[in-house]
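Now for the letters of each chain:
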Amino acid sequence: MDYKEKVKAAADIIKNSEAVVVTAGAGIGVDSGLPDFRGNHGFWKAYPPYERLGLSFIEAANPAHFERDPAFGWGFYGHRLEMYRKTNPHKGFYLIRDWIKQFGMDYFVVTSNVDGHFQKAGFAEEKVYEIHGSIHYLQCLNACTSSIWENNEQIKVDTESMRAKNVPKCFNCGAVARPNILMFGDFSWLPYRSHEQSERFDDFLSNLNNSKIAVIEIGAGTAIPSIRHTSERIHRSLNAEIIRINPREPEIKKPNIGIAEGSLKTLSDIDEVLND
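An account of the accompanying structure is given in this report. Note that this is a predicted model, so its numbers are computed, not measured. (Residues numbered from 1 in each chain as written. Predicted model: local features only at pLDDT ≥ 70, side-chain atom pairs only at ≥ 80, totals over all residues. Heavy atoms only, no water.)

### Points about the pairing of strand β10 (residues 241-245)
Put simply, the rule reads: Relative accessibility decides the category of a residue: with a 1.4 Å probe and only protein chains considered, values under 20% of the type maximum give buried, values over 50% give exposed, and everything between is partly exposed. Only runs of H or I of at least four residues qualify as helices and only runs of E of at least two qualify as strands under DSSP, and these elements are numbered from the N terminus. Should DSSP find at least two bridges between two strands, the strands are regarded as paired.
Within β10, 5 of the 5 residues are buried, leaving the element largely enclosed by the surrounding structure. Burial along β10 is two-sided: the residues Glu241, Ile243 and Ile245 and Ile242 and Arg244 are all buried. Pairing analysis gives 5 bridges linking strand β9 (residues 213-218) to β10, with the strands arranged parallel. Directly across from Ile218, in β10, lies its bridge partner Ile245.

### Points about the sheet that holds strand β8 (residues 177-181)
Taken together, the 3 strands give an open sheet; going across it, the order is β5-β4-β8, and neighbouring strands pair in antiparallel fashion. In this open sheet, the two strands that pair with only one neighbour each are β5 (149-150) and β8.

### With respect to helix α11 (residues 263-274)
So the rule is basically this: By definition here, a helix of n residues has an expected span of 1.5 Å times n minus one. The contact rule is simple, with two residues in contact once any of their heavy atoms fall within 4.5 Å.
Spanning 12 residues, α11 covers 16 Å between terminal C-alpha atoms, matching the ideal 16 Å at 1.5 Å per step. Among the structural elements, α1 (3-15), α7 (91-102), β9, β10 and β11 (257-259) are those in contact with the buried residues of α11.

### Considerations on a negative patch on the surface
Note the cut-off: Patch membership requires over 30% relative accessible area and the absence of a salt bridge. Like charges are linked within 9 Å, and nonpolar side chains (Val, Leu, Ile, Met, Phe, Trp, Tyr) within 5 Å. For accessible areas, the Shrake-Rupley method is used with a probe of radius 1.4 Å. Any residue's cover is judged against the shown protein chains and nothing else. Salt bridges are defined as contacts in which a side-chain nitrogen from Lys or Arg sits within 4 Å of a carboxyl oxygen from Asp or Glu. In this tally, Asp and Glu contribute negative charge and Lys and Arg positive charge; neither His nor the terminal groups of the chain are included. We put the charge of a Lys on NZ, of an Arg on CZ, of an Asp on CG and of a Glu on CD.
Residues Glu196, Glu199, Asp202 and Asp203 make up a contiguous surface patch of negative charge. Secondary-structure assignment places Glu196 in helix α9 (residues 192-206).

### Thoughts on the side chain of His132
Here His132 shows up in the loop between β3 (128-130) and β4 (133-140). Ignoring sequence-local partners within four residues, the contact set of His132 consists of Ser112, Val114, Asn180, Ile181, Leu182, Trp189 and Ser226.

### With respect to the layout of surface pockets
What counts, and what does not: Cavity means a closed set of points on a 1 Å grid over the protein atoms alone, one where a 1.4 Å probe fits but cannot get out, pocket means an open set with protein on both sides within 12 Å along at least 5 of 7 lines, and lining means a residue has an atom within 4 Å of a point. Grid points are joined across faces, edges and corners, and a volume is the space filled by probe spheres set on the points. Residue classes follow a fixed rule: Ala, Val, Leu, Ile, Met, Phe, Trp, Tyr, Cys and Pro count as nonpolar, while Asp, Glu, Lys and Arg count as charged, and any other residue, Gly among them, counts as polar.
Size it by volume and the largest pocket reaches roughly 1,300 Å³. Forming the walls of the largest pocket are 47 residues, and the residues nearest its centre are Ala26, Phe37, Phe57, Ser112 and Ile224. Looking at the lining of the largest pocket, the elements with two or more residues in it are α2 (39-46), α4 (57-60), α6 (70-86) and α10 (226-238). Considering each element in turn, the lining of the largest pocket owes the most residues, 4 residues, to α6. Per-class residue counts for the lining of the largest pocket are 23 nonpolar, 16 polar and 8 charged.

### Digging into α7
Which entries qualify depends on this criterion: Working note: the arc is built from the helix axis to C-beta atom directions.
Taking 1.5 Å of rise per residue, 12 residues should cover 16 Å, and α7 covers 16 Å from first to last C-alpha, within 8% of that figure. The complete set of buried residues in α7 reads Gly92, Phe93, Leu95, Ile96, Trp99 and Ile100. Each buried residue of α7 lies within a common arc of 165° when the element is viewed along its axis, so the set occupies one face. Along α7, exposed side chains directed more than 90 degrees from the buried face belong to Lys91 and Lys101. Of the surrounding secondary structure, the elements contacted by the buried residues of α7 are α1, β1 (19-24), β2 (106-111), α8 (117-120), β9 and α11. After α7 finishes, the residue Gly104 shows a positive phi value of roughly 60°.

### Quick notes on the packing of α7 against α11
Applicable threshold: Each axis is a line fitted through C-alpha atoms, and for a helix only the stretch in contact is used; angles between axes span 0 to 180 degrees, taken between their N-to-C directions. Handedness of each helix crossing follows the sense of rotation of the near helix against the far helix: counterclockwise by less than a right angle gives left-handed, clockwise gives right-handed.
Direction vectors running N to C along α7 and α11 enclose 30°, while the axes themselves pass 9 Å from each other. Crossing geometry of α7 relative to α11 is assigned as left-handed. Residues Lys91, Gly92, Leu95, Ile96, Trp99 and Gln102 of α7 form the contact with α11, whose participating residues are Leu264, Leu267, Ser268, Ile270, Asp271 and Leu274. Across the contact of α7 with α11, the residue classes tally to 7 nonpolar, 3 polar and 2 charged.

### Considering the pattern of salt bridges
Scanning all chains against the criterion turns up 12 salt bridges. Across the salt bridge formed by Glu125 and Arg193, the nearest N and O atoms sit 2.9 Å from each other. Within this pair, whereas Glu125 is found in the loop between α8 and β3, its partner Arg193 is found in helix α9, the two being separated by 68 residues in sequence. On the basis of relative accessibility, which here comes to 11%, the residue Arg193 falls in the buried class. When salt bridges with common partners are traced through the structure, they connect Lys8, Asp12 and Lys15 into a single cluster.

### Quick notes on the packing of aromatic side chains
Quick reminder of the rule: Any pair of Phe, Tyr and Trp rings, taking the six-membered ring for Trp, is counted once the centres come within 6.5 Å. Such a pair is stacked with planes under 30 degrees apart, edge-to-face with planes over 60 apart, and tilted for the rest. By the criterion adopted, a ring carries a charge over it if an Arg CZ or a Lys NZ lies within 6 Å of its centre and within 35 degrees of its normal.
For the coordinates displayed, the defined rule picks out 21 aromatic pairs. Relative to Phe123, the ring of Tyr107 has its centre 5.8 Å away and its plane inclined at 75°; by these criteria the two rings are edge-to-face. Here Tyr107, found in strand β2, pairs with Phe123, found in the loop between α8 and β3; they are 16 residues apart in sequence, far enough to count as distant. Here the two residues Tyr107 and Phe123 agree in accessibility, since each one is buried. By the ring-pair criterion, three or more aromatic residues cluster together here, those being Phe43, Tyr47, Tyr50, Phe57, Phe66, Phe72, Trp74, Phe76, Tyr77 and Phe184. The ring of Tyr107 carries Lys127 above its face, with NZ or CZ at 5.6 Å from the centroid.

As structure tokens, this is what we get:
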């Protein structure tokens, strides 16, 4: 099938489904203007100071910084927090939300992104599973309490050194607070909020009762394949049809559909077919 045929097939899947699971990786944010951290070049293009320091994304996103040098740890995450707060989700988020309403579908979102953009676009908090946590929540670095609380901090960052000028503290013990995000090599992340989301997602799946299900997978790559595996698990267990939108890695077995294009263009073209 060519691109137009795939878009039409995707539209048919959506309009004939009773439920939709949106599975999303970092690629969905590119059309919102968020940087692509794919490879060191993409990361360093977004954050030149780390190239000077010779640090990769994996090294910058290391929880050990919060113990050894909290101002450096919060330099990276404080800058990302402000970027995510200032950036608006692109129109594609709202198109999916409109389809859910238009076709009376139940839904759930599963995302590896920590930016909170699905909630920002109006998806219900109780219908989102953030598998790696969220930058908009904090926890104690020392886990003095199992509490996870909203991140209302305003963190100022020196973008030359990528060091934070202020460091959030735990409300309970006064130690350093860190983002409630699962980082690389992370042993101090508190998973309770994400576990509650996971339980709600499992309940959602168990209540579908042979419903016709569409999985709209957007911007999920193979480097960390958690989201792709989630899509494929739902396909296998519930006979769902996957619409995989990925400009670099669209490959997927039939009867699923792989579309080698960006999220905003593809979703906009599907919407045009749905409302033609």
